[in-house]
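Listed below, chain by chain, are the residues.
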Amino acid sequence: MSVLICGGAGYIGSHCARELKKEGFDCLIFDNLSEGHRAAVGDLPLIVGDLLDESALESVFASHEIDAVLHFAAFALVGESVKRPLEYYRNNVVGTINLLRAMQKRGVKRIVFSSTCAVYGEPARMPIAEDAPAAPVNPYGETKLAVERMLAACDAAHGIKSVCLRYFNAAGAAPDGDIGEDHALETHLIPLIFKVALGLGEKLTVYGNDHPTKDGGCVRDYIHVLDLADAHARALRHLLDGGESRAYNLGTGKGASVFEVIETASRVSGRDIPYEIAARRAGDPAVLIASADKIRRELGWKPQRGELETILADAWRWHHTHPSGYGDGGDAGNGGKKP
């Protein structure tokens, strides 16, 4: 089976591509390299292109027999989405429209979509189940929800079946240390912690120590990127076996506070991690924890590397051996800048 992986040179996409290759799928990577890295692709075929370029998409589908699509290509910074909403809607929504139009023209009927827990906004109940109200509080979450609704409409109108995977906090790296997390603009907690551990930053900023949690820190559900990859493989097989469209949460069902993450990262790395407390960020929920019972029940998925210490040990192995990440700033062709 041949799978087109849009955004397959990025953090989660590259780990998923490697997993699908191990399972015998023929993978073709399509990525504009604004955030992804050539080195993350390894020996898989890479087409450098953008979802906003309809002719490039048409060429890909015309020249390759594609059975299914995995779609990771999106802008994904919450704060940036508030400042640049039109760019987020253009890239995330219009780009997906172009992809679905190309799929429709060529009769490709299966897509696994990288969604987010941001579609829930600030839910009232924990853990969060898939039937919780969808009420995003930022443009990033709105664009992901818009795509989910568009996929449902395309199923009804064109028979394009989809699985939407709503991630919680993706973390970790391949245990062999070959590929990992490297963003041109880093905003994720764990990479920022390890930058401080490596002496690449003076101290970590912790936003609030007065949340209504056991130690005052924000609590998040961290899920290993390899467990995400396994979920994508299961979702793909579900569709290839004739399964119906679904939406699933991906998380461990366990929460860790920012202070627990710092303490565990310090123990794993053997390094001190100084931090300073700043004011809470507006709209930052105190707790976000997933209920992943649905995907466990329906697809048999279960996190295999869900312990926080395992996640952090794998992440540290990558950051310790690659202190400059892939060392290409995103891509030598455009300096890692968004188009």
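Here's what I pulled together on the structure shown here. Computed from a predicted model, the values in this text were never measured in an experiment. (Residues numbered from 1 in each chain as written. Predicted model: local features only at pLDDT ≥ 70, side-chain atom pairs only at ≥ 80, totals over all residues. Heavy atoms only, no water.)

### Here we look at the sheet that holds strand β1 (residues 2-6)
One open sheet holds the seven strands; their spatial order is β3-β2-β1-β4-β5-β6-β11, and the pairing between them is parallel. In this open sheet, the two strands that pair with only one neighbour each are β3 (46-48) and β11 (246-250). Across this sheet, the average inter-strand angle for adjacent strands is 20 degrees, counted without regard to direction. Its contacts with the sheet place helix α3 (residues 54-63) against β1, β2 (26-31), β3 and β4 (68-71), and it is angled at close to 170 degrees to β2. (Pairing = 2+ DSSP bridges. Helix = DSSP H or I, 4+ residues; strand = E, 2+ residues; numbered from the N terminus. Axes fitted to C-alpha atoms, helices over the stretch in contact; angles between N-to-C directions. Contact = heavy atoms within 4.5 Å.)

### Here we look at the nonpolar core
The tendency in soluble globular proteins is for nonpolar side chains to be buried as a group. Within the largest apolar cluster, 38 residues are counted, with the highest numbers of intra-cluster contacts made by Ile5, Ile12, Leu20, Leu165, Leu236, Leu250 and Ile295. Looking at this core, the elements that each hand over two or more residues are β1, α1 (11-22), β2, β4, β6 (161-167), α8 (225-240), β11 and α10 (293-299). The dominant element in this core, judged by the number of residues it contributes, is α8, at nine residues. With residues near it in sequence (within four places) discarded, leucine 20 still touches Val3, Ile5, Phe25, Cys27, Leu70, Ala233 and Leu236. Ranked by size, the runner-up nonpolar core spans 26 residues in total, among them Cys6, Val108, Cys164 and Ala247. (Core = buried A, V, L, I, M, F, W, Y, C linked by side-chain atoms within 4.5 Å. Buried < 20%, exposed > 50% of the residue type's maximum accessible area, 1.4 Å probe, protein only.)

### Looking at unusual backbone geometry
Along the chain, methionine 126 connects to proline 127 via a cis peptide bond; the corresponding omega equals -10 degrees. Within the secondary structure, proline 127 sits in the loop between β5 (110-116) and α6 (139-158). Located in the positive-phi region is leucine 33, a residue other than glycine, with phi close to 60 degrees. Along the chain, the position of leucine 33 falls in the loop between β2 and α2 (38-41). Judged by relative accessible area, which is 0%, leucine 33 ranks as buried.

### Description of the environment of valine 258
Take valine 258: it is sitting in helix α9 (residues 258-269). Residues valine 258 and aspartate 215, 43 residues apart in the sequence, show an inter-C-alpha distance of 9.1 Å. Among all residues touching valine 258, those that are not within four sequence positions of it are Leu189, Val206, Gly217 and Cys218.

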